[in-house]
Amino acid sequence: MKAELEFALLNAGNLFCCLGFSLIAPFYPAYAKEFNVSNTILGLIFGMNPIGGMLASLIVGKLLNNGNQKTFLYLGLIIQAIGQFQFPLLSLVHQQEYFLTLSFLGRFLSGFGGCTFLTPFYASIPQKFPETTAQKMAIIEFFSSFGYLAGAVAGSILYEIGGFYFPFLIFGSASVLIALIIKFSFQENNQILTQKQQQNEKDNQIGYITILKDFSVLTSFNVIFSMCLAYSYFQPIFAIFFQDQFDVPPVDSGYYMSLAPFSYCLGAFLISRIKVHKQITILIGIGVVAISEFMMGPDPLFGIRPQLHLTMIAYLIFGFFIALPYVLTLPSIIETLEFRFEKKDHEKCICLASGLFNSILSIGEFLGPFLSGLITEYLEFPRSCSILGIYLILSTVLYIPNVFQNKYKIQRVKVQTFDEQL
């Protein structure tokens, strides 16, 4: 199968994995309330997906090489589908214990399988497309983030068509189909595997702690963590806020939540088409996202009563500017690592960065729903968003040195090149 066709197919799998994360946001919370599930437990259920993803990313990122990419790709989709198929079984249970068990298991397996697929997918791009890595990464980030943000509206549509079980059957079946195509159409690169085995001893000298010692890499991963935390924060409580504050039915909340995916598409499209200073653009993105959090309610300190159109404007701005760090942060991290390490270590660094990147995504996705469920037990939705906004402002401040460090690196590279010419 040609490389471009493989990329298109893997991107379809990428989209379905990411859509599956927020698929249950519009209709599952109301269904869980029928079993007397508290907001805190609801947040934990949502958070089981990224817990599974975090474990899978760290394991796969360490074991990954070019020879076993195919195995991890199709195995991840199969596991993810098994997780999705747990949720239709909820219609057959009537006790809270069984309901919680199936919910926790389904979300964990979906996350574990999804990141088992995504980690080798991210790592394969610089190797298969060395001349167009930045472009391919932008496309991947676009579909990944769009999937995370658009799952709610997809869930609402499928829920209206076929009821509670229908969205999970559709997404699970699609994952199985793509896994089978990968299994029987893709080929392993045994020659590259042999080369990796010969250099295995050298590769093992670099680990997760090694790449995190660079301050710019550490703060860049914090940016991704904060962005995932910011979006996933809304998953279990946004629909409830819409229903309580604006009398919006749970099934319709997915359509309101689709404003962020729409504006994200625009932001990601513009970023992929124009040449920008990565670090400055990332800084602007997280700064504006932080400000939008204070207007999501808006916070009572502003003296403005909650209004649906104000909340939607803030959410629209949120979606547009969150695209900037989502699309640009991983390419920025890879550039930093390629500058720091020798060329022979670049492939290992990319695998580790991919595993750590997806792991950080998962951690943020876990803590977002959990913290929102916990905080809203004691505070109103607008105030809880402001607390998150304060953290995002701190993340913005921590990232500022990256802008100046990047200029230093450019100057250093120029000096080295000049010295070599002499």
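Residue positions are given per chain, counting from 1 as you read along its sequence in written order. Given that the model is predicted, a residue must reach a pLDDT of at least 70 before its local features are reported, and side-chain atom pairs must reach 80 or more before they are shown or counted; all residues, however, enter totals for whole chains, interfaces and linings. Neither water nor hydrogens contribute to the side-chain values; these are computed over all heavy atoms in the structure.

Put simply, the rule is: UniProt positions are given in the numbering used here, feature names are shortened, and annotations may be inferred rather than shown by experiment.
Under an unreviewed UniProt entry, the name given to the protein is Major facilitator superfamily (MFS) profile domain-containing protein, and the organism recorded is Paramecium pentaurelia. According to its UniProt record, the protein has this under Subcellular location (unreviewed entry): "Membrane".

### A word on helix H1 (residues 3-22)
What counts here: Under the DSSP-based scheme used, a helix requires at least four consecutive residues in state H or I and a strand at least two consecutive residues in state E, with every element numbered from the N terminus. The span one expects for a helix is its residue count, reduced by one, times 1.5 Å. Only protein chains enter the area calculation, which uses a 1.4 Å probe; residues under 20% of their type maximum are buried, those over 50% are exposed, and those in between are partly exposed.
With 20 residues, H1 should cover 28 Å at 1.5 Å per step; its first-to-last C-alpha distance of 30 Å lies within 8% of that length. Of all 20 residues making up H1, 14 are buried, and the element is well covered by its neighbours.

### Topic: the packing of helix H15 (residues 278-294) against helix H16 (residues 308-340)
When two helices pack together, you describe them by how their axes are tilted relative to each other and by the distance separating the axes. To be explicit about the condition: Simply put, an axis is a line fit to the C-alpha atoms, just over the touching stretch for a helix, and the angle between two N-to-C directions goes from 0 to 180 degrees. Working rule for angles: under 35 degrees goes down as roughly parallel, over 145 as roughly antiparallel, 65 to 115 as roughly perpendicular, anything else as oblique. Here a crossing is taken to be left-handed if its near helix is turned anticlockwise relative to the far helix by less than a right angle, and right-handed if that turn runs clockwise. Two residues form a contact once any of their heavy atoms are found within 4.5 Å. Only Asp, Glu, Lys and Arg are considered charged, only Ala, Val, Leu, Ile, Met, Phe, Trp, Tyr, Cys and Pro nonpolar, and every remaining residue, Gly among them, polar.
Interhelical geometry of H15 versus H16 gives an angle of 150° and a closest axis separation of 8 Å. Taken as axis vectors, H15 and H16 run roughly antiparallel relative to one another. Here H15 and H16 pass one another in a crossing that is left-handed. Mapping the contact onto sequence places Lys 278, Gln 279, Thr 281, Ile 282, Ile 284, Gly 285, Ile 286, Val 288, Val 289, Ser 292 and Glu 293 in H15 and Ala 314, Ile 317, Phe 318, Phe 321, Ile 322, Leu 324, Pro 325, Leu 328, Thr 329, Pro 331, Ser 332 and Glu 335 in H16. Classifying every residue of the contact of H15 with H16 gives 14 nonpolar, six polar and three charged.

### Considering the nonpolar core
Selection rule: Buried Ala, Val, Leu, Ile, Met, Phe, Trp, Tyr and Cys residues that are joined via side-chain atoms within 4.5 Å together make up what is termed a nonpolar core.
One finds Tyr 28, Phe 99, Phe 117, Ile 182, Met 296, Tyr 315 and Phe 318 to be the most contacted residues of the largest nonpolar core, which totals 109 residues. Residue contributions to this core peak at 14 residues, all from H16. Ignoring sequence-local partners within four residues, the contact set of Met 296 consists of Phe 234, Phe 238, Thr 311, Ala 314, Tyr 315, Phe 318, Phe 381 and Cys 385. Formed by five residues, the second largest nonpolar core is a distinct cluster that contains Val 60, Leu 64, Phe 72 and Ala 123.

### Some thoughts on unusual backbone geometry
One non-glycine residue with positive phi stands out, namely Asn 36, at about 60°. Here Asn 36 shows up in the loop between helix H2 (28-33) and helix H3 (39-63). The backbone phi angle of Asp 247 is positive, close to 55°, even though this residue is not glycine. As for its position among the elements, Asp 247 is in the loop between helix H12 (238-246) and helix H13 (250-257). The class for Asp 247 is exposed, based on a relative accessible area of 66%.

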